[in-house]
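Each chain is listed here by its residues.
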Amino acid sequence: MGHLLEVRNLEVKFALRFGDLTAIDNISFTLDKKEKLGLVGESGAGKSVTGFSIINLISKPGYISGGSILFEDRDLSKLSTGEMRKLRGHRISMIFQDPMMTLNPVLTIGTQMTETVLAHMKVSKSDAMDIALEKLKKVYIPSPEKRLFQYPHECSGGMRQRIVIAIALLTNPSLIVADEPTTALDVTIQAGIMDLLQELCTTEDMGLILITHDLAVVSQVTDKIAVMYAGRIIETGPTEEIVNNPRHPYTKGLINSLPGGLQAGSRLAQIPGMMPTLTDIPDGCAFNPRCTINGPICLEKLPELRVLDGKNHSAACHMLENDQRDK
Amino acid sequence: MFAFIVRRIIQSIVVMLVISFIGFSVQHNIGDPVRDMVGERVSVEEREAIRDKLGLNDPFWTQYIRFVGNAAKGDLGTSYFHSKPTLQVILSKAPATLELVLVSSIIIILLTFPIGIYSALFPRSLFSKIVMGFSTIGVAVPVFLTAIVLIYIFGVELNWLPAYGRGETVNIWGWETGLLTWDGLRHLILPSLSLSSIMLPLYIRLIRSEMMEVLETEYIKFAWAKGLNKNRVWLVHAFKNTLLPVVTVFGVEIGILFAFTLLTETVFQWQGMGFMFLEAVERSDTALLVAYLMVVGGMFVLINTVIDVIYGFINPMVRIAGAK
Ligand SMILES: Nc1ncnc2c1ncn2[C@@H]1O[C@H](COP(=O)(O)OP(=O)(O)OP(=O)(O)O)[C@@H](O)[C@H]1O
Ligand SMILES: [Mg+2]
């Protein structure tokens, strides 16, 4: 049938005192089972807001103002609070950035795991414990039986992120949204967590949305990439295509700024200038103040995403070479 | 746990030594034990003889050590006015004060937790706005004013509740309690409401702000993302973390409650330690004053130890530290 997840023309606004601020502007993407999508972009591009809007947990003044989110052929933006709650942590799990802050300091790991199972499945407490134990083993936690009775502060950062991943797996979800799951961790631990996520997508039959500003990580893990800039997707396509044949000047900048090709753990170097804040996005193309190839049209007209060739590769730029311009 | 207890005992001893030093210094400088014993009509020579006999001309430190030694044996001197051991006088007054503080604390806990949590969860509701308004004013209203207004409304105008004394009490193993009779309970209402009123606004604000802070944390967001229901997120995840700082502050607050019993007991003619203390000040009953200081200090140390133990039970990180 359809895709596992299909986001269509999503628009998210923040209701602020001086009016509504558009944080996500008309973005669309799809994800199939076992597929891994990377959402890349600078800080403030709207990656987290996109991720949270899927489970309808955008922080306070934010709300979905348009578009639809089809998940397993249901429109999530039309679900009631109760129906949404049943999906969260059940069919769709999230992994947060900082494992030091994600787990509740005063509850044991066992409690934090079983409560999730009990919230979604009709099983006994001891069955829930068994499930928790099984998932802890799946993420390669040493002495998992002991961990169940420990508190978060008794585990290291890498361990805690594995526990968070185990929590995400508890109910065998079909989609995991991981918001910068390795940013807060040591470089040496990052690779392990990424390998684990990748492996689990295959063994557990899950789709993965990997949110990060680290293009190097994304290029090694994901099947396709969507590059975000100021609340829009400005280029999207298969990972190989984006990495080897970037078309948008912003994406090119991102790729070129990676030192010595792609290496795990390397960070984005600076593209001159800064991404505009939502309150002062320039007219026309939001990237134009930093762009090196812009022309007069870029100051006036917002470029739409255009399909570039037969490889599902599209970019939103007026200045692509002429031969690409007529489809 | 054992190390924790040993550490607490040592800390308590140090605190008690400091209190006793202050108490003794006061007594040494302004008290006159000879007058306390024999009254005013004894000649100067005779007094000197008695002073020598009692060791009152010994060096300060010798006397202080003797004072501490006696105190450790439960001898805190003799009250000049009551002509009885001070400890006995105080212990006869203690139940009244302890019951007043206890009931006030219960009122504080029962009111502030639900109200504080509700106004953190629904800050925009009318109820929360009213509560916040009242608590802003409430912080500034002095206790005696609250007490007088309460007495005027419920004691005088409506004549619903008794406005002074403890009413009927029952003696249980030497403890005069007003908690077991209907009359005693009715007498407790106005004084304990007045006493708790000093803490209510502060506590509601504290709980509210702590809870609001906790609600913003990542682990609460993660709890939502796990699909837990409201009650689970609010009452288990958020509430337990709110409790930690609140419990710590409660130790200090109880000390303040004790201090305010002086005022409350006077206004309500409540025959407790606070009332006794002010009488002792009027009568220059120094020995009794110092004994009061020691006893209240001791209670304070004890209560704070209990609170630390409770804190250790809620906070897993403390438990680990104590186990080392
Ligand atoms: N609670 C909020 N109130 C108002 N605006 C918000 C709020 N949360 C996010 N925004 C706006 O949405 C934009 C996108 O934020 P988002 O957190 O999605 O960025 P991000 O791409 O995840 O960046 P980062 O790499 O820093 O996590 C931000 O520029 C910010 O202005
Ligand atoms: Mg983010």
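Residues numbered from 1 in each chain as written. Chains lettered and ligands numbered in written order. Predicted model: local features only at pLDDT ≥ 70, side-chain atom pairs only at ≥ 80, totals over all residues. Heavy atoms only, no water.

Enquirer: So what exactly am I meant to see when it comes to the sheet that holds strand β11 (residues 306–307) of chain A here?
Expert: Each strand in a sheet pairs with another by means of backbone hydrogen bonds, the pair being arranged parallel or else antiparallel. Residue and element names in this part refer to chain A. The sheet built from eight strands is open, its strands ordered β6-β7-β8-β3-β9-β10-β12-β11 with mixed pairing. In this open sheet, the two edge strands, each paired with only one partner strand, are β6 (92–95) and β11. Here β11 pairs with strand β12 (residues 314–315) via two bridges, running antiparallel. Bridged to arginine 306 within β12 is alanine 315. (Pairing = 2+ DSSP bridges. Helix = DSSP H or I, 4+ residues; strand = E, 2+ residues; numbered from the N terminus.)

Enquirer: What should I look at first to understand the interface of chain A and chain B in this one?
Expert: Reports often express the size of an interface as the amount of accessible area lost when the parts come together. The interface is formed by 27 residues belonging to chain A together with 21 residues belonging to chain B. When chain A packs against chain B, close to 2200 Å² is buried across both sides, 65% of that on carbon and sulfur atoms. Taken together, the links from chain A to chain B amount to two salt bridges. Where chain A packs against chain B, one counts 10 residue pairs in polar contact (both at pLDDT 80 or more). Residues belonging to the side of chain A that touches chain B are distributed by class as follows: 14 nonpolar, nine polar and four charged. (Contact = heavy atoms within 4.5 Å. Buried area = accessible area lost by both parts, 1.4 Å probe. Salt bridge = Lys/Arg side-chain N within 4 Å of Asp/Glu carboxyl O. Polar contact = N/O pair within 3.5 Å; in protein donor to acceptor, adjacent residues only side chain to side chain. Nonpolar A, V, L, I, M, F, W, Y, C, P; charged D, E, K, R; others polar.)

Enquirer: Sorry if this is basic, but what is going on with the packing of helix α11 (residues 230–267) of chain B against helix α12 (residues 273–282) of chain B here?
Expert: Packed helices, taken two at a time, are described by the angle their axes make and the gap between the axes. All names here are of chain B. Put simply, α11 and α12 touch, their axes get as near as 7 Å, and they point 80° apart. Here α12 runs roughly perpendicular to α11, going by the angle between their axes. In contact with Phe258, Leu262, Glu265 and Thr266 of α11, α12 contributes Met273, Gly274, Phe275, Phe277 and Leu278. Grouping the constituent residues of the contact of α11 with α12 by class yields six nonpolar, two polar and one charged. (Axes fitted to C-alpha atoms, helices over the stretch in contact; angles between N-to-C directions. Parallel < 35°, antiparallel > 145°, perpendicular 65-115°, else oblique.)

Enquirer: Is there a simple way to think about the site of ligand 1 in this case?
Expert: All names here are of chain A. Near ligand 1 lie 14 residues; those nearest to it are Ser43, Gly44, Lys47, Ser48 and Val49. A distance of 2.8 Å separates an oxygen atom of ligand 1 from a polar atom in the backbone of glycine 44. In this structure, glycine 46 approaches ligand 1 through a main-chain N or O atom, which is 3.0 Å from an oxygen atom. Protein coverage of the free-state accessible area of ligand 1, which is 630 Å², stands at 69%. Per-element accounting of the shell around ligand 1 gives the leading share, three residues, to helix α1 (residues 47–54). (Near = heavy atom within 4 Å. Areas by Shrake-Rupley, 256 points an atom, 1.4 Å probe, with all protein chains shown as cover.)

Enquirer: Can you help me understand the confidence of the model for chain A in this one?
Expert: Fine structural detail should not be taken from predicted coordinates in areas where pLDDT scores are low. Averaged over all residues, the pLDDT of chain A is 88; the fraction at 70 or higher stands at 94%. A low-confidence stretch, residues 322–327 of chain A stays under pLDDT 50, and its non-local contacts, those more than four residues away or across chains, total seven contacts. (pLDDT = per-residue confidence, 0-100.)

Enquirer: Help me understand a nonpolar patch on the surface, please; the structure alone is not making it clear to me.
Expert: Residue and element names in this part refer to chain B. A cluster of nonpolar side chains, contributed by Phe2, Val6, Ile10, Val14, Val18, Phe21, Ile22, Val26, Ile30, Trp61, Ile65 and Leu293, occupies part of the molecular surface with about 1200 Å² of accessible area. Among the elements of the structure, α1 (2–30) and α4 (60–72) are those that each provide at least two residues to the nonpolar patch. Sort the elements by how many residues they give to the nonpolar patch and α1 lands first, with nine residues. Topologically, isoleucine 10 is positioned in helix α1. We classify isoleucine 10 as exposed; its relative accessible area is 52%. (Patch = residues over 30% accessible without salt bridge, like charges linked within 9 Å, V, L, I, M, F, W, Y side chains within 5 Å. Buried < 20%, exposed > 50% of the residue type's maximum accessible area, 1.4 Å probe, protein only.)

Enquirer: I'm lost on the pairing of strand β8 (residues 207–212) of chain A in this one. Help?
Expert: Residue and element names in this part refer to chain A. Most of β8 is tucked away, with six of its six residues classed as buried. A two-sided burial pattern is seen for β8, the buried positions comprising Gly207, Ile209 and Ile211 on one face and Leu208, Leu210 and Thr212 on the other. One ladder, built from five bridges, connects strand β3 (residues 36–40) with β8; its direction is parallel. Looking at β8, one finds that leucine 39 is bridged to isoleucine 211. As judged from the five bridges shared by strand β7 (residues 175–179) and β8, these two strands associate in the parallel manner.

Enquirer: I would appreciate a short explanation of the packing of aromatic side chains in the present structure.
Expert: What characterises a pair of aromatic rings is the spacing of the ring centres plus the angle enclosed by the ring planes. Here the structure, examined in full by the defined rule, presents 21 aromatic pairs over all chains. For the ring pair B:Tyr118 and B:Phe122, a centre distance of 4.9 Å and an interplane angle of 50° mean the geometry is tilted. Residue B:Tyr118 is classed as partly exposed on the basis of its relative accessible area of 34%. Seen from their ring centres, B:Phe154 and B:Trp160 are 6.0 Å apart, and the 40° between their planes marks the pair as tilted. By relative accessible area, which is 54% here, B:Trp160 ends up exposed. Three or more aromatic residues link up through ring pairs in this structure, and these residues are B:Phe21, B:Phe24, B:Phe60, B:Trp61, B:Tyr64 and B:Phe67. Lying over the aromatic face of A:Phe52, B:Lys221 brings its terminal NZ or CZ to 3.8 Å of the ring centre. (Phe/Tyr/Trp six-rings, centres within 6.5 Å; stacked < 30°, edge-to-face > 60°. Lys NZ or Arg CZ within 6 Å of the ring centre and 35° of its normal.)

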